[in-house]
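Chain by chain, the residues:
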Amino acid sequence: MQQLTIFMDIESSRSYIDELYSSEPSKTLEALVTLKNSVIGSNRQKSSVIQQGIVPRLLQLMSDETLDPNIRLEATITIGSLAKGTAENVSSLVEQGAASALVELLRTVTLGTKLVEASLCALRSIFLHPPAPVTALPVDMRLLSRLTQIAREGSPTARACVVRILSIWCGGPVEQEALCAAGACGAAAALLASRTSPPPARALPALDLLAAMCFENTSVSQVALNTRHGDKTIPELLTFLVSRDKPLPVAMGAARCLTFMHRAGALPPDDNRVVFGALPCLARLCTKDMPEDIRATAAETLAYLAEVDTSLQRLAAISNHLMSSLADIVNCPSAAAKQGAFKCFASLGANDEDIRKRIIETHGLMVHVVNGMNNPEPTVRLAAVRCLHSLSRSVQQLRTTFQDHAVWKPLMQLLNDSPGTELLTVGSSTLCNLLLEFSPAKEPMLDQGAVEMLCNLTKRPEAALRLNGIWALMNMAFQAEQKVKQRILSCLGTEQMFRLLGDSDTRVIMKTLGLLRNLLSTRQHIDAIMSEYSSQVMQAVIVVLEGSYPAEVKEQALCILGNIGDGEKAKDLIMANEDVLRKLVDYLAHPESKLQEAALFVANNLVWRGEAGAAARQARLAELGVLRALKLLYARQDAAHLHDKVTTALAQFSEFT
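Residues numbered from 1 in each chain as written. Predicted model: local features only at pLDDT ≥ 70, side-chain atom pairs only at ≥ 80, totals over all residues. Heavy atoms only, no water.

> An account of the overall build of the protein chain is needed here, citing residue identities and associated values.
Along the backbone of the protein chain there are 42 helices and two strands. In terms of overall size, the protein chain is more extended than a compact globule, its C-alpha atoms giving a radius of gyration of 34 Å where 657 residues would be expected to give roughly 26 Å. Along the three orthogonal principal directions, the C-alpha set of the protein chain runs to about 120 × 50 × 50 Å. Taking all 657 residues of the protein chain together, the buried fraction comes to 55%. (Helix = DSSP H or I, 4+ residues; strand = E, 2+ residues; numbered from the N terminus. Rg over C-alpha atoms; globule rule 2.2 N^0.38 Å. Buried < 20%, exposed > 50% of the residue type's maximum accessible area, 1.4 Å probe, protein only.)

Written out as structure tokens, the structure reads:
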């Protein structure tokens, strides 16, 4: 039989296709070889073979243990060739069970054979096409141990294939723990160890596997920390690989592994392998003379490395002209580069005002942030908002740079445009800062419907969004005009306020009470709001004071009472509620100091001499035991820090002392 040339269509030679189903092994083998040669390098031929329904026969020939090993090998190699075709080709193979069949083959075939290598190559090709069929590889310790054995002892090709497959498969804690138990850390270390340097084809898959295993996993990172190959631990092997003379992708991969081990808690932030290994390597890989894809990954990894530690943020900010390097990366055309740079700026400016000032002074950065929020790529928009959120922690910049660039405009547009949950969370956190009382953006954001948007956030099922919504409303209400306060109350509604006071997240309850406290400030505003919402507000306070809430929550409720007590007419609402007054007596005697102090704040505002009706209020409070409670509090040695405030309150009761 003559082999087909590249110009021949597979449909034109049914004869050898038919021979695939022959009962004579020699004819089947010959047909397989012809088929294999015909599909190599031709996506058109691959597609034709798949469309003709030949894949099930190839899988059958590959899996049949009674057949000639050469038949099984040629069938497997052909499946591997088909898997190097188009995404549609690979999807079709997966749908027809090719991935599962290859995994089953690896369970049974004798290690070290050509068939193992061919099946691993085919499976790797399938896994490299997203989405990888990870469910085809079960969490089976016997199978995983077999695969990690290949990674340690197999041929170079087989080892590289196994590690690449496992690095893609390792997508969460279950897979991380299983691979660790199967000895994958040792297998990765073996691939990284070399007297000189491991070749990139061997090192890169091992680095990707190690990174996938250590990512946000403390126990696995701890195992990796203590895993040795020869006389070197994994961190020592990684530190060797981040040096300047190593190939850029290898240095990048090693720095990622050290970063993930640090963030998982295995390496402290002051560890030399972090400070003198990962961090300077990543800063160097951000510089202008590096390829764009390396710069993008380095910036994003450095952002993750320094995200939570102030000392690393400060060190990174002065490393290798990083600020100018990141500013240049923002100008790169790729979305990945812009995203990485914005994320890195966000991390560097998370805690230090001086660093934030340097970032904002970087030429043209705020223009790039605004443009980033308008970028068509969702990942870039999110990263730009993260950067804005970090920089918005600066009081000075809120008043100057942010106002100059009107950053609230694209932010409000983004948040009003049905964004995803993550963007909505970061964006609404930024709004909390932009709505602080000293921010010039407050008024124009009100005109753009900020109140309505934030009230809607408080109704979301995600606790973080409810918290941001009520927090931003609380900031908005601080020292606001009465019309703004009325707008907030009208839009939020008392029913929603009660729902928030019963929230499962204590932080939401605290901010809801904080909102009430800010609404009930300024005597004129207090009386106006209480004249309309008195029953609801008093009910909310009583619910908290009588409920099983933490002390800090009850403290907020008492402070609200204190604010109401500062109203000219509103204080009568407290005096008319005997339950609240008896609660006041109880809290003046409470063992928790902060609650005593908050109760004192209420009492002082109610008994203050010289205000209309003060004498009657003093008499009523004395009758209910407030005067006695104040005297007892004055006598308590453990309340000495409250002595001045108690003295002030008692001095108002001159007629009764």
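> So what's going on with the UniProt feature "repeat: ARM" (unreviewed entry) in the protein chain? Which residues, and what values?
UniProt annotation of "repeat: ARM" (unreviewed entry) refers to residues 53-97 and 97-126 when read in the numbering used here. With 71% helix and 0% strand, residues 53-97 has its two end C-alpha atoms placed 13 Å apart. Across residues 97-126, helical content stands at 80% and strand content at 0%; the span's end C-alpha atoms are separated by 11 Å. (UniProt positions renumbered as here; feature names shortened; annotations may be inferred.)

> A description of helix H2 (residues 25-39) should follow, citing residues and the corresponding values.
Counted at 1.5 Å a residue, the expected span for H2 with its 15 residues is 21 Å, and the 21 Å between its end C-alpha atoms agrees. Burial in H2 covers these residues: Thr28, Ala31, Leu32, Thr34, Leu35, Lys36, Ser38 and Val39. Positive backbone phi, approximately 80 degrees, marks Gly41, located one or two places after H2. (Expected span 1.5 Å × (residues − 1).)

> Account for the nonpolar core, with residues named and values stated.
Leu120, Leu147, Leu238, Leu515, Leu561 and Ile564 are the most contacted members of the largest nonpolar core, which totals 236 residues. Counting residues per element, this core draws most heavily on helix H35 (residues 523-546), at eleven residues. Those residues in contact with Ile564 that sit more than four places away from it in its chain are Leu520, Ile526, Met530, Val537, Met538, Ala570, Lys571 and Ile574. (Core = buried A, V, L, I, M, F, W, Y, C linked by side-chain atoms within 4.5 Å. Contact = heavy atoms within 4.5 Å.)

> Tell me about the packing of aromatic side chains, and name the residues and values.
All chains considered together, the criterion is met by three aromatic pairs. Note on Phe260 and Tyr304: the rings are 5.7 Å apart at their centroids and 85 degrees apart in plane angle, and the pair reads as edge-to-face. In this pair, Phe260 is assigned in helix H16 (residues 248-263) and Tyr304 in helix H18 (residues 292-306), connecting sequence segments 44 residues apart. Three or more aromatic residues joined by ring pairs make a cluster, and in this case those are Phe215, Phe260 and Tyr304. It is Lys246 that lies over the ring of Phe240; its NZ or CZ is 4.1 Å from the centre. Here Arg263 stacks its cationic end above the ring of Tyr304, 4.2 Å away from the centre of that ring. (Phe/Tyr/Trp six-rings, centres within 6.5 Å; stacked < 30°, edge-to-face > 60°. Lys NZ or Arg CZ within 6 Å of the ring centre and 35° of its normal.)

> Can you break down the packing of H35 against helix H38 (residues 578-588) residue by residue, with the values?
Close contact between H35 and H38 brings their axes to 11 Å; oriented N to C, the two are set at 35 degrees. Relative to H38, H35 is oriented so that their crossing is left-handed. Between H35 and H38, the residues in contact are Met538, Ile542, Leu545 and Glu546 and Val580, Lys583 and Tyr587, respectively. For the contact of H35 with H38, the residue count by class is five nonpolar, no polar and two charged. (Axes fitted to C-alpha atoms, helices over the stretch in contact; angles between N-to-C directions. Left-handed = near helix turned anticlockwise from the far one by under 90°. Nonpolar A, V, L, I, M, F, W, Y, C, P; charged D, E, K, R; others polar.)

> I'd like to hear about the packing of helix H4 (residues 55-63) against helix H7 (residues 98-108), residue by residue, with values.
H7 packs onto H4 with a crossing angle of 5 degrees between their chain directions and a minimal axis gap of 10 Å. Between H4 and H7, the interaxial angle falls into the category roughly parallel. Contacts between H4 and H7 involve Leu59, Met62 and Ser63 from the former and Ala98, Ala101, Leu102 and Leu105 from the latter. Among the residues forming the contact of H4 with H7, the class breakdown is six nonpolar, one polar and no charged. (Parallel < 35°, antiparallel > 145°, perpendicular 65-115°, else oblique.)

> Account for the pattern of salt bridges, naming residues and giving values.
Tallied over the entire structure, the rule returns 29 salt bridges. One salt bridge connects Asp503 with Arg466, and the closest N-O pair in it is separated by 2.7 Å. Residue Asp503 is located in the loop between helix H33 (494-501) and helix H34 (506-519), and its partner Arg466 is located in helix H31 (residues 463-477); the two are separated by 37 residues in the primary sequence. Taken individually, Asp503 and Arg466 each receive the classification buried, so the pair is uniform in this respect. Look at the salt bridges and you will find they share partners, linking Arg523, Asp566, Lys571 and Glu611 into a network. (Salt bridge = Lys/Arg side-chain N within 4 Å of Asp/Glu carboxyl O.)

> Outline helix H3 (residues 43-51), listing residues and values.
Within the sequence span of H3, burial applies to Gln45, Lys46, Ser47, Ser48, Val49 and Ile50. Looking at the packing, one finds that the buried side of H3 touches H2, H4, helix H5 (69-82) and helix H6 (87-95). Directly beyond the C-terminal end of H3, a positive phi value near 80 degrees is found at Gly53.

> Summarise unusual backbone geometry; cite the residues concerned and give the values.
Following Pro130, the chain continues to Pro131 via a peptide bond in cis, the omega torsion being -5 degrees. Position of Pro131 among the secondary structure elements: in the loop between helix H8 (114-127) and helix H9 (141-153). In this model, Glu216 sits at a positive phi of 55 degrees, which is unusual for a non-glycine residue. For Glu216, the position within the fold is in the loop between helix H13 (200-214) and helix H14 (218-226). A relative accessible area of 57% places Glu216 in the exposed class. Unusually for a residue other than glycine, Ser418 sits at a positive phi of about 50 degrees. Within the secondary structure, Ser418 sits in the loop between helix H27 (408-415) and helix H28 (421-434).

> Quick one: what's the story with the environment of Lys583, residue by residue and with numbers?
Along the chain, Lys583 falls in helix H38. In the structure, Lys583 is positioned 25 residues away from Leu558 in sequence and 9.7 Å away in space, judged by C-alpha atoms. In this structure, Lys583 is in contact with Leu545 and Glu546, ignoring residues within four places of it in sequence.

> Outline the environment of Leu82, supporting the account with residue identities and numerical values.
Structurally, Leu82 is set in helix H5. A relative accessible area of 0% means that Leu82 is categorised as buried. Taking the C-alpha atoms as reference points, Leu82 and Asn351, separated by 269 residues in sequence, lie 52 Å from one another.

> So what about the confidence of the model for the protein chain? Which residues, and what values?
Mean pLDDT for the protein chain: 91, with 96% of residues reaching 70 or above. Under a pLDDT of 50 for its full length, residues 1-8 has, in the predicted model, 14 contacts with residues more than four places off or in other chains. (pLDDT = per-residue confidence, 0-100.)

> Hey, could you go over the UniProt feature "repeat: HEAT" (unreviewed entry) in the protein chain for me, with residue numbers and the actual values?
Here the UniProt-annotated "repeat: HEAT" (unreviewed entry) positions come out as residues 54-92. For residues 54-92, the helix share is 74%, the strand share is 0%, and the end-to-end C-alpha distance is 12 Å.

> Before we move on, can you summarise the environment of Leu29 with the specific residues and values?
Topologically, Leu29 is positioned in helix H2. A residue is classified by how much of its surface remains accessible, and Leu29, at 24% relative accessible area, is partly exposed. With 43 residues separating them in the primary sequence, Leu29 and Arg72 have C-alpha atoms 9.0 Å apart. The contacts of Leu29, once residues within four sequence positions are left out, are Asn70, Ile71 and Glu74.

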